[in-house]
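Breakdown of the fold
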Amino acid sequence: ELFALLKAKRRELASKYNKPPFIIFADVTLRDMSARQPKNLEEFLLVSGVGTFKAKKYGDDFLQVIAYYLKKRS
């Protein structure tokens, strides 16, 4: 379920920035994000495929999705 939410956010950002979704993050990165469930930018940087540039540009968007998912589950 979290993977699907992250894919939806990626699709939204890809449309916003007029880029292919895989340029935002690859599926393997979204899967690692789903497994790690980072709670801040420091943890987000530990996700495979996330560097400083992408963490700064997209981190808050994806962290909000993860926080929403975790809150909904608790």
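Residues numbered from 1 in each chain as written. Predicted model: local features only at pLDDT ≥ 70, side-chain atom pairs only at ≥ 80, totals over all residues. Heavy atoms only, no water.

**Concerning the overall build of the protein chain**
- Looking only at helices and strands, one finds five helices and zero strands in the protein chain.
- Counting from the amino terminus, helix and strand elements in the protein chain follow one another as α-α-α-α-α.
- Its C-alpha radius of gyration of 11 Å places the protein chain within 12% of the 11 Å reference for a compact globule of 74 residues.
- Along the longest, intermediate and shortest principal axes, the C-alpha atoms of the protein chain span 35 × 20 × 20 Å.
- Counting all 74 residues of the protein chain, 36% fall into the buried class.
- If you take every contact in the protein chain between residues at least 6 apart in sequence, the share linking residues at least 24 apart comes to 54%.
- Put simply, the protein chain shows about 4700 Å² of open surface, and 53% of that area lies on carbon and sulfur atoms.
- Charged side chains in the protein chain number 15 positive and 8 negative. The centres of these two groups are separated by 4 Å. (Helix = DSSP H or I, 4+ residues; strand = E, 2+ residues; numbered from the N terminus. Rg over C-alpha atoms; globule rule 2.2 N^0.38 Å. Buried < 20%, exposed > 50% of the residue type's maximum accessible area, 1.4 Å probe, protein only. Contact = heavy atoms within 4.5 Å. Areas by Shrake-Rupley, 256 points an atom, 1.4 Å probe, with all protein chains shown as cover. Lys, Arg positive; Asp, Glu negative; His and termini not counted. Charge placed at Lys NZ, Arg CZ, Asp CG, Glu CD.)

**A look at the nonpolar core**
- Leu 6, Phe 25, Met 33, Phe 44 and Phe 62 are the most contacted members of the largest nonpolar core, which has 19 residues in total.
- For this core, the elements supplying multiple residues, two or more each, are helix H1 (2-17), helix H3 (27-36) and helix H5 (52-73).
- Discounting chain neighbours no more than four positions away, the residues touching Leu 6 are Leu 30, Met 33, Ser 34, Phe 62, Val 65 and Ile 66. (Core = buried A, V, L, I, M, F, W, Y, C linked by side-chain atoms within 4.5 Å.)

**Examining the packing of aromatic side chains**
- Scanning all chains against the criterion turns up four aromatic pairs.
- Measuring from centroid to centroid gives 6.0 Å for Phe 25 and Phe 44, while their planes differ by 75°, and the two rings are edge-to-face. Placement of Phe 25 in the loop between helix H2 (21-24) and H3 and of Phe 44 in helix H4 (residues 41-44) is noted, with a sequence separation of 19 residues between them.
- In this structure Phe 44 comes out as buried when scored by relative accessible area, which is 0%. (Phe/Tyr/Trp six-rings, centres within 6.5 Å; stacked < 30°, edge-to-face > 60°.)

**Re the pattern of salt bridges**
- On inspection of all chains with the given rule, the structure shows four salt bridges.
- Between Glu 12 and Lys 9 there is a salt bridge whose closest N-O contact spans 3.0 Å. In this pair, Glu 12 and Lys 9 are both assigned in helix H1, three residues apart and thus about one turn of the helix distant.
- When its relative accessible area of 15% is taken as the criterion, Lys 9 is described as buried.
- Notably, a salt bridge pairs Arg 36 with Asp 32, separated by 2.9 Å at the nearest N-O pair. Of the two residues, Arg 36 and Asp 32 are both situated in helix H3; the distance of four residues between them amounts to about one turn of the helix. (Salt bridge = Lys/Arg side-chain N within 4 Å of Asp/Glu carboxyl O.)

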